[in-house]
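Analysis of the macromolecular model
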Amino acid sequence: MLADSRKENNNQSKLKPRDWCLPLLLPDCFSCSPDGSILARDSSVVGNVDMGTPSVLWNVAKKCFTVGVISLTVSDLFASIVPVRGASMSPTFNPKTNSLLDSLSDDRVLVEKLCLRKYKFSHGDVIVFCSPDNHKEKHIKRIVGLPGDWVGTIYDVVHIPEGHCWVEGDNSASSLDSRSFGPVPLGLVKGRVTHILWPPHRVSSIERKTSRNRVSPS
Amino acid sequence: MRQWRSIAKEAMDRASIIVKFLCLLHVTDAYVVSSNHVLGPSMLPTLNITGDVVLVEHLSHRIGKLGSGDLVLVRSPLDPNKTLTKRIVAMEGDKVTFSLDPTRSFSSRSLVVPKGHVWIQGDNLYVSRDSRHFGPLPYGLIEGKVFMRVWPPSSFGLLG
């Protein structure tokens, strides 16, 4: 028995490259069948010489994959945490902009995704949405008007079309929002901000703020 | 006591396998490929009126490989709970000429598609409700590219 396994070991060491690929190509046989397990043990003996053990590597890869898939699902369907950059929502997020410690003092906020099942929003919700001009950018703004409302701007009164919303930043002086790119389709909304999680002394929930005098429902 | 513990452990193992499977299903459905039921007359020569089941892949719009002529699944700008299947006619920066009523070609207008938008139209111009009505569509509303029809079996095959 011992001699047998030695012989096998010798064979294995000759076929080193294939033996390395095999566990990666055939994961089922590798973990289940008795032949596979012998192969894994032998190859680990051989493998110790030049690199880490493939079975450990495989387990780590599998763990990483599982964790990745689960966290992706949770962040897609339930909630995720995103950092807020810039001062466009200034009294609510990032109240002090410090140019030196910019990335450290950024707020981290909790974004819930359950509202995307029905796309039901109300006035004053803070939302995350893709920019209509550049789909890779995401913005955080507050909903001012919903479909059917009339929103007053400096120059004009705008009617919001079906399936769109009017968003504005809390810091109207330095905010790129619906006043420059018009109403935003609700389909671009990626979530609703509910809590500030970081920095610790500012942990709080976010309340709805509405300015009644600017919006009139149709 | 020991028995209960082993039963609980078994149940936890089963539950974790099911959860992992559902998560994998969601990731595949959202990021790789999903099936979709398309209904309606707006794409008539390409897709049937009675409803086809098509496969939609979600990779090429993330890496920016879409071009004009591709069939895409988009979220409707007028009702976010609905999706539409249309054909991209022009990408950003292209010039399009269109007429709201295809029977009267003299009433045509033209415009340049703005940055970050695409122009989509149905293949059946007479009944389709598309960019001619709601204007250029933000790229972020594109959900995927339709590449294959799987039902009905008689018209199984790739779509262009």
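Residues numbered from 1 in each chain as written. Chains lettered and ligands numbered in written order. Predicted model: local features only at pLDDT ≥ 70, side-chain atom pairs only at ≥ 80, totals over all residues. Heavy atoms only, no water.

Turning to unusual backbone geometry, a few remarks are in order. Note the cis peptide between Trp-198 of chain A and Pro-199 of chain A, where omega equals 0 degrees. Mapped onto the elements of the fold, Pro-199 of chain A is located in the loop between β9 (189–198) and β10 (204–205). Residue Pro-152 of chain B follows Trp-151 of chain B across a cis peptide bond; omega there is 0 degrees. Mapped onto the secondary structure, Pro-152 of chain B falls in the loop between β9 (142–151) and β10 (157–158). Phi at Tyr-119 of chain A is positive, roughly 55 degrees, even though this residue is not glycine. Positionally, Tyr-119 of chain A belongs in the loop between β2 (108–112) and β3 (126–130). With a relative accessible area of 13%, Tyr-119 of chain A lands in the buried category. (Helix = DSSP H or I, 4+ residues; strand = E, 2+ residues; numbered from the N terminus. Buried < 20%, exposed > 50% of the residue type's maximum accessible area, 1.4 Å probe, protein only.)

Across all of its chains, the model carries 15 salt bridges over all chains by this definition. With its nearest N and O atoms 3.8 Å apart, the salt bridge here joins Lys-82 of chain B to Asp-79 of chain B. Asp-79 of chain B gets classed as partly exposed once you look at its relative accessible area, which sits at 24%. Salt-bridge contacts for Arg-132 of chain B lead to Asp-130 of chain B; the nearest nitrogen and oxygen are separated by 2.9 Å. The exposure classification of Arg-132 of chain B matches that of Asp-130 of chain B, with both residues buried. What emerges from the salt-bridge pattern is a single network uniting Glu-112, Asp-125, Arg-192 and Arg-208 of chain A. (Salt bridge = Lys/Arg side-chain N within 4 Å of Asp/Glu carboxyl O.)

So, on to the sheet that holds strand β5 (residues 150–152) of chain A. Residue and element names in this part refer to chain A. Strand order in the open sheet formed by 3 strands is β6-β5-β11, with antiparallel pairing between adjacent strands. Here the strands that pair on one side only, and so sit at the sheet edges, are β6 (157–159) and β11 (215–216). As judged from the 3 bridges shared by β5 and β6, these two strands associate in the antiparallel manner. Counted as the bridge partner of Trp-150 is His-159 from β6. (Pairing = 2+ DSSP bridges.)

Annotation from UniProt places "domain: Peptidase S26" (unreviewed entry) at residues 58–153 and 159–198 of chain A. Segment residues 159–198 of chain A splits into 10% helix and 45% strand. End C-alpha atoms: 37 Å apart. (UniProt positions renumbered as here; feature names shortened; annotations may be inferred.)

Residue and element names in this part refer to chain B. A cluster of nonpolar side chains, contributed by Ile-18, Phe-21, Leu-22 and Leu-25, occupies part of the molecular surface with about 410 Å² of accessible area. Relative to the helices and strands, Leu-25 resides in helix α1 (residues 2–32). You can call Leu-25 partly exposed: its relative accessible area is 47%. (Patch = residues over 30% accessible without salt bridge, like charges linked within 9 Å, V, L, I, M, F, W, Y side chains within 5 Å. Areas by Shrake-Rupley, 256 points an atom, 1.4 Å probe, with all protein chains shown as cover.)

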